[in-house]
Amino acid sequence: MTRLRQVRAGVLDVGYHESGPADGPPVVLMHGFPYDIHAYAEVAPLLAAKGCRVIVPYMRGYGSTRFLDGATPRSGQQGAFGADLLALLDALAIPRAVLAGYDWGGRACCIVAAVWPERCAGLVSLNSFNIQDIAAAAKPLAPENERRYWYQYYFHGERGRAGLEQDRRALCRLLWSLWSPTWTFDDATFERSAAAFDHPDFVEVVIHSYRHRFGLVTGDPAYDDIERRLAALPPVTVPAITFDGADDGVMMIGGTAAHARHFTGPHQHRVVPGAGHNLPQEKPQDFARAVLDLATSSRP
């Protein structure tokens, strides 16, 4: 996935990988934190071989994606992620696509599916309904779930910011191991993705993301309207397939099947044995099959 294209989309110059026929049903694959587009190194060819137009962008703060203006806040709030994905669809003149992702990328997909359903032909989302309920963020979770979020609380303080800045590779590799305890990855696999973390805005975007979701910092006013709409937790009305990895080390204990109430359109929930948090890279066949199920059903 080294052959990249660049496109100006909203406040970003977005780096992305594209494969498959230009006239195929469009699919956008969104990576999470702390990963990159190589999470889809096996998924993308599977989809392209089936005739899909596959777009895999770097999110803000990663890889070759850059802010167009030095004055733009390096926000990591959920409204920014949704706006970035919508702007990318506009920039590529894609009126409607299957949107698939996990972690931050899954959040972006859920937001577009819920707020702009006319732009989403179908949604694939790890950990189900991935829109943050910021108003309820101060409510404590069960102790085991709180333990899983240690890294978020670490980032709330300046010690955490300094730790991420000082050794982002070691910290991110630790998260890979904790979140996917049954996935055996080698140094080369990690380093291929870790290069994307050398972005000059990576730390700022990450720290803002984990502080904003707890209401600890303000967001970019440009996204105030989107954030107001997200505060209502709008349902997903488009066809959706959601996943949990059975061994996901950051997922809520018990999984996310109970999120079904947020999906008012056709919805399936699948649990994948032997998979952790980085589902598309750990189980590419399962992830690609879900995307194809929706891409095929959305054809005219």
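Scroll up to find the structure this text is about.
Parameters and conventions
Residues numbered from 1 in each chain as written. Predicted model: local features only at pLDDT ≥ 70, side-chain atom pairs only at ≥ 80, totals over all residues. Heavy atoms only, no water. Helix = DSSP H or I, 4+ residues; strand = E, 2+ residues; numbered from the N terminus. Rg over C-alpha atoms; globule rule 2.2 N^0.38 Å. Buried < 20%, exposed > 50% of the residue type's maximum accessible area, 1.4 Å probe, protein only. Contact = heavy atoms within 4.5 Å. Areas by Shrake-Rupley, 256 points an atom, 1.4 Å probe, with all protein chains shown as cover. Lys, Arg positive; Asp, Glu negative; His and termini not counted. Charge placed at Lys NZ, Arg CZ, Asp CG, Glu CD. 1 Å grid on protein atoms, 1.4 Å probe; cavity = no way out; pocket = protein on both sides within 12 Å on 5 of 7 lines; lining within 4 Å. Points joined across faces, edges and corners; volume = space filled by probe spheres on them. Nonpolar A, V, L, I, M, F, W, Y, C, P; charged D, E, K, R; others polar. Salt bridge = Lys/Arg side-chain N within 4 Å of Asp/Glu carboxyl O.

Novice: Any chance you could explain the overall build of the protein here in plain terms?
Specialist: For the protein, the count of helices and strands is 12 helices and nine strands. For 300 residues, the compact-globule estimate of 2.2 N^0.38 gives 19 Å, and the protein sits close to it at 18 Å. By principal-axis analysis of the C-alpha atoms, the protein measures approximately 50 × 45 × 40 Å. Taking all 300 residues of the protein together, the buried fraction comes to 58%. Sequence-distant contacts in the protein: of pairs separated by 6 or more residues, those separated by 24 or more amount to 79%. Total accessible area computed for the protein in this model is approximately 12,000 Å², and 54% of it derives from carbon and sulfur atoms. Computed over 29 positive and 32 negative side-chain charges, the inter-centroid distance for the protein is 3 Å.

Novice: What is the right way to look at empty space enclosed by the protein in this model?
Specialist: The method is simple in principle: a probe with the dimensions of a water molecule rolls over the atoms, and the space it marks as empty is what remains. Under the definition given, this model contains one cavity of 30 Å³ or more. Taken as a whole, the largest cavity encloses approximately 80 Å³ of empty space. Leu12, Val14, Met30, Pro57, Tyr58, Met59, Arg60, Phe81, Asp84, Leu85 and Leu88 together form the lining of the largest cavity. Broken down by secondary-structure element, the contributors of at least two residues to the lining of the largest cavity are β2 (12–19) and α2 (78–91). Of all the elements, α2 adds the most residues to the lining of the largest cavity, at four residues. Its residues assigned to classes, the lining of the largest cavity shows nine nonpolar, no polar and two charged.

Novice: Please explain the pattern of salt bridges as it appears in this structure.
Specialist: Two side chains of opposite charge can pair, provided their charged atoms sit close to one another. Tallied over the full model, the rule gives 17 salt bridges. We note a salt bridge from Arg173 to Asp187, for which the minimum N-O separation is 2.9 Å. With Arg173 in helix α7 (residues 168–179) and Asp187 in helix α8 (residues 187–194), the pair connects residues that are 14 residues apart, well separated along the chain. Here Arg289 and Asp286 are joined by a salt bridge, their closest N and O atoms 3.7 Å apart.

Novice: Where do I start with the layout of surface pockets in this structure?
Specialist: Estimates place the volume of the largest pocket at around 1,100 Å³. Taken together, the elements giving at least two residues each to the lining of the largest pocket come down to α3 (103–115) and α5 (150–156). Broken down by class, the residue content of the lining of the largest pocket amounts to 19 nonpolar, nine polar and seven charged.

This is a description of form; function is not addressed.
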